[in-house]
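# A look at the structure
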Amino acid sequence: MADSTKDVPFKIIQVEALVVMKIVKHCSNSFPTAATGSIVGMDKDGTLEITNTFPFPTIDVANVEGGHQNDASSLAAAAPRAKANIVYQNDMIRHLKEVNVDANNVGWYTSATMGNFVNPSFIENQYHYQRENDRTVALVHDVSRSSQGALSLRAFKLTRNFMTAFKEGKFTTESLQKSKLSFKDILVEFPVQVHNSHLLTSYLHQLPSASTEADLAMPTSLSDLQRDPIKMPLYPSTDILDLSIDPFLEKTCDLLLDSIESHYTELNNHQYYQRQLAREQTKITAWQTKRKAENAARVAAKQQPLPEDEWQRIFKLPQEPSRFEGMLNAKQVEQYSKQIDGFTANVSAKMFAVRGNLLPE
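All of these numbers come straight from a predicted model, not from anything done at the bench. (Residues numbered from 1 in each chain as written. Predicted model: local features only at pLDDT ≥ 70, side-chain atom pairs only at ≥ 80, totals over all residues. Heavy atoms only, no water.)

## What about the confidence of the model for the protein?
Chain-level statistics for the protein give a pLDDT mean of 77 and a share of 81% at 70 or above. Mean pLDDT in the protein bottoms out at helix H1 (residues 3–7), which sits at 45, and peaks at strand S5 (residues 137–142), which reaches 88. The low-confidence segment residues 1–5, where pLDDT is below 50, has one contact with residues more than four positions distant or belonging to other chains. Throughout residues 61–70 the model reports pLDDT below 50, and contacts reaching past four residues in sequence, or to other chains, amount to 13 contacts. (pLDDT = per-residue confidence, 0-100. Helix = DSSP H or I, 4+ residues; strand = E, 2+ residues; numbered from the N terminus. Contact = heavy atoms within 4.5 Å.)

## As for the side chain of Ser259
Position of Ser259 relative to the elements: it lies in helix H11 (residues 247–300). If we skip the residues at most four places from it in the chain, Ser259 touches Asn329, Gln332, Val333 and Tyr336.

## A short note on the sheet that holds strand S8 (residues 192–195)
Read from one edge of the open sheet, eight strands run S7-S6-S5-S4-S2-S3-S1-S8, paired in mixed fashion. Each edge of the open sheet is held by one strand with a lone partner, namely strand S7 (187–190) and S8. Sheet twist, expressed as the average angle between the axes of neighbouring strands with direction ignored, equals 35 degrees. Helix H4 (residues 83–98) rests against strand S2 (36–44), strand S3 (47–55) and strand S4 (104–112) of the sheet, and its axis sits at about 110 degrees to S3. (Pairing = 2+ DSSP bridges. Axes fitted to C-alpha atoms, helices over the stretch in contact; angles between N-to-C directions.)

## Side note on H11
End to end, H11 covers 80 Å across 54 residues, agreeing with the expected 80 Å (1.5 Å per residue, within 8%). Residue Lys302 follows H11 closely and has a positive phi angle near 60 degrees. (Expected span 1.5 Å × (residues − 1).)

## Remarks on a negative patch on the surface
A grouping of Glu250, Asp254, Asp258 and Glu261 is seen on the molecular surface, where their side chains present a negatively charged patch. Along the chain, Glu261 falls in helix H11. On the accessibility criterion, Glu261 (52% relative accessible area) is exposed. (Patch = residues over 30% accessible without salt bridge, like charges linked within 9 Å, V, L, I, M, F, W, Y side chains within 5 Å. Areas by Shrake-Rupley, 256 points an atom, 1.4 Å probe, with all protein chains shown as cover. Salt bridge = Lys/Arg side-chain N within 4 Å of Asp/Glu carboxyl O. Lys, Arg positive; Asp, Glu negative; His and termini not counted. Charge placed at Lys NZ, Arg CZ, Asp CG, Glu CD. Buried < 20%, exposed > 50% of the residue type's maximum accessible area, 1.4 Å probe, protein only.)

See the structure below:
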């Protein structure tokens, strides 16, 4: 098997429509608090089929490993790796097996706001699932984006290189250069396809729609449906003529600026570490030069030379800050940039149309 196939065990994520409805309902009811849950299904011929889901119950901070903040958002974000929810998930999967339903855990889902989901909790949750089973994904449902009329459901998975680095816990400059790991290598995204059962598809085809014919001929077989696809009625809409800037775009720009400020803060911390390291190394070099001169004089006087490795006890080099937070922040900046790029296309087209037609040249 090729290495690329091992890194990507499947190529597409197929989600049942009922699963999508459950995730959307749970995330919408819990908004603005993060909502998390487990997803089950099976991997078949390079397609990860997600057939069922169930939410995680409310947890207590005492059951969370390393939990410090006793607020709803932190508890919900840490729910997938909580001990109580792990037991709950195993019990639910056992009950699903009893009723002959797909009971293979294939990951978890979470809600997001304005595309803000790349954080340490998200990485820890996905690492918790992926270290046990490489064929697991994280579904991210953006409630704010979906409220604008377009379903936002994305699937992500940690790359193998990042899994190795996260397991070692070393995110120093030297380790990152050696492994050639960057913020682009943290997550890999898979296309998501919504699947309907044949019964639901037949029902959708039979939904009444506006028709000019007096008598509506109902299809009699599947071949009739395939020859005559659904013709969606056209409804006039004036929303496309609105020239106001999308508030979602404005908020995303504000979040992008905040992430850039966080990036500069991380950069300043690293530069401060480099300055401190340079000062200590200068002191060590001066001490070693002085000690070598003293030893040369002692040897000339036929005396025992002093040890030259005492600088390790006298001087203490500053510890390099982890670049983990900086990598996640850079990945989040990339997510915001993609969102803004998608929104500015329509806005820019409207502005150029107005300038070309209404303003004098």
